[in-house]
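Chain by chain, the residues:
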Amino acid sequence: MSSALTDLFPHPIVQAPMAGGVSVPQLAAAVSEAGGLGFLAAGYKTADGMYQEIKQLRGLTGRPFGVNLFMPQPEYADAAAVDVYAHQLAGEAAWYETELGDPDSGRDDGYDAKLAVLLDNPVPVVSFHFGVPKPDVLESLRRAGTFTLVTVTAPDEALAVQQAGADAVIVQGVEAGGHQGTHRDNPETDRSGIGLLALLAQVRETVSLPIVAAGGIMRGSQIAAVLAAGAAAAQLGTAFLATQESGANALHKQALTNPLFARTELTRAFSGRPARGLVNRFMREHGPYAPAAYPEVHHLTSPLRKKAAASGDAQGMALWAGQGHRMARDLPAGQLVEVLAAELDAAATALSAAREGGAAG
């Protein structure tokens, strides 16, 4: 099964699907054309919007690519807590001269409609975030010729994925930028995320599925490390967020290496679910009070984030980034794939030489 995935692309490099306009067709095409696996992010788009991006991507490359879906969220948010948070954000709305969004704007992200499109017009790879699809969904995609992956953040989640019948898991360490792909949003576990290498070892001992490793990876030497630890490929998000084809706001790209944004934290401030981003004013002021309420908080803050971006205020934006953000490189995406592949080869050669030296000694 591992080869069924990696045979799709020459380099073991997957471009993470980053929702919110970052993973545009031009980025995915550039990555796939260079020998990696480019990804579109269907999150926060309509089914037709996703379909149009797939059509556009197919016009840019004939190479394999993937599409990522968000799983529908169960209804367990505390409406009163969301109301309290909305009152707290009233000052932000006044500052940015906009209204807060409607927290009840939908929970399923158009999941069924998007699945229907992907079954009618199959793509090579589909991945899922925030939960495990039902076995019949995974089987339907398999019959359509689609390879399926599901993000996990713990060994028990990986076991659930294997039992459901997915083809592979994306093992996401706590270092990763953006939303943690936890299957259940439990506030009691907010500070207990597992680092990638430790998690990778645990998942390997729990399931037999091929693994794509994700979280804080910015260099080819890190790809070599996760491959040595048992992964079939590495998924990079922040590294590609900074590339020239990325659809990220220019302020977001600049913030990755701006000394003003020195560190990242996991926060619920922008969406109500734990997500890693650069620490800014909004995160500092509202993070401690944000409820566990996704996607209600996401809908609530959406107009604020858009106005902050439009007014050039990075302090009010969701600056998603992994822990390796300071290592971001402003390169064309295809060139970045080539650089990462060369670094991976150099690391593998160095490791081989070290082993031979040790054996000779």
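Coordinates for the structure precede this section.
Quick look at the structure, then. Everything numeric here is computed off the predicted structure, so don't read it as measured data. (Residues numbered from 1 in each chain as written. Predicted model: local features only at pLDDT ≥ 70, side-chain atom pairs only at ≥ 80, totals over all residues. Heavy atoms only, no water.)

With that settled, the discussion passes to the sheet that holds strand S1 (residues 13–15). The eight strands are arranged S1-S9-S8-S6-S5-S4-S3-S2 in an open sheet whose pairing can be described as parallel. Lying at the two open borders of the sheet, with one neighbouring strand each, are S1 and strand S2 (38–41). Going across the sheet, the axis of each strand differs from the next one's by a mean of 25°, ignoring polarity. Strands in contact with helix H2 (residues 25–33) are S1, S2 and strand S3 (65–70); relative to S2, the strand with the most contacts, it is inclined by about 160°. (Pairing = 2+ DSSP bridges. Helix = DSSP H or I, 4+ residues; strand = E, 2+ residues; numbered from the N terminus. Axes fitted to C-alpha atoms, helices over the stretch in contact; angles between N-to-C directions. Contact = heavy atoms within 4.5 Å.)

Before going further, it helps to examine a negative patch on the surface. Negative charge collects at one region of the surface, where Glu75, Asp78, Asp83, Asp102 and Asp104 lie side by side. Residue placement: Asp83 occurs in helix H4 (residues 79–88). Judged by relative accessible area, Asp83 falls into the partly exposed class, the value being 46%. (Patch = residues over 30% accessible without salt bridge, like charges linked within 9 Å, V, L, I, M, F, W, Y side chains within 5 Å. Areas by Shrake-Rupley, 256 points an atom, 1.4 Å probe, with all protein chains shown as cover. Salt bridge = Lys/Arg side-chain N within 4 Å of Asp/Glu carboxyl O. Lys, Arg positive; Asp, Glu negative; His and termini not counted. Charge placed at Lys NZ, Arg CZ, Asp CG, Glu CD. Buried < 20%, exposed > 50% of the residue type's maximum accessible area, 1.4 Å probe, protein only.)

Before going further, it helps to examine the sheet that holds strand S11 (residues 275–278). Taken in spatial order, the three strands make up an open sheet running S7-S11-S10, and their pairing is antiparallel. Two strands close off the open sheet at either side, each with one partner strand: strand S7 (178–179) and strand S10 (264–267). Here S7 pairs with S11 via two bridges, running antiparallel. Following the sheet pairing, His179 is matched in S11 by Ala275.

Moving on to unusual backbone geometry. Residue Pro295 is reached from Tyr294 by a cis peptide bond, and omega for that bond is 10°. The residue Pro295 is located in the loop between helix H13 (281–286) and helix H14 (296–310) in this model. A positive phi angle, close to 55°, is found at Glu97, a residue other than glycine. Tracing the backbone through its elements, the reader meets Glu97 in the loop between helix H5 (90–95) and helix H6 (111–120). On the basis of relative accessibility, which here comes to 69%, the residue Glu97 falls in the exposed class. Positive phi, normally seen in glycine, also occurs at Asp109, with a value near 55°. Position of Asp109 among the secondary structure elements: in the loop between H5 and H6.

Relative to the helices and strands, Pro259 resides in the loop between helix H12 (250–255) and S10. Its relative accessible area of 60% is what places Pro259 among the exposed residues. Residues Pro259 and Arg326 lie 67 residues apart in sequence; the distance between their C-alpha atoms is 8.8 Å.

Within the fold, Pro274 resides in the loop between S10 and S11. Non-local contacts of Pro274, meaning those with residues more than four positions away in its chain, are made with Gly178, His179, Gln180, Asp185, Asp190, Leu266, Thr267 and Arg268.

Now for the packing of H2 against helix H3 (residues 47–60). With their axes 9 Å apart at the nearest point, H2 and H3 run at an angle of 40° to one another. For H2 against H3, the interelement crossing comes out right-handed. From H2, Pro25, Gln26, Ala28, Ala29 and Glu33 reach across to H3, where they touch Glu53, Gln56, Leu57 and Leu60. For the contact of H2 with H3, the per-class residue count stands at five nonpolar, two polar and two charged. (Left-handed = near helix turned anticlockwise from the far one by under 90°. Nonpolar A, V, L, I, M, F, W, Y, C, P; charged D, E, K, R; others polar.)

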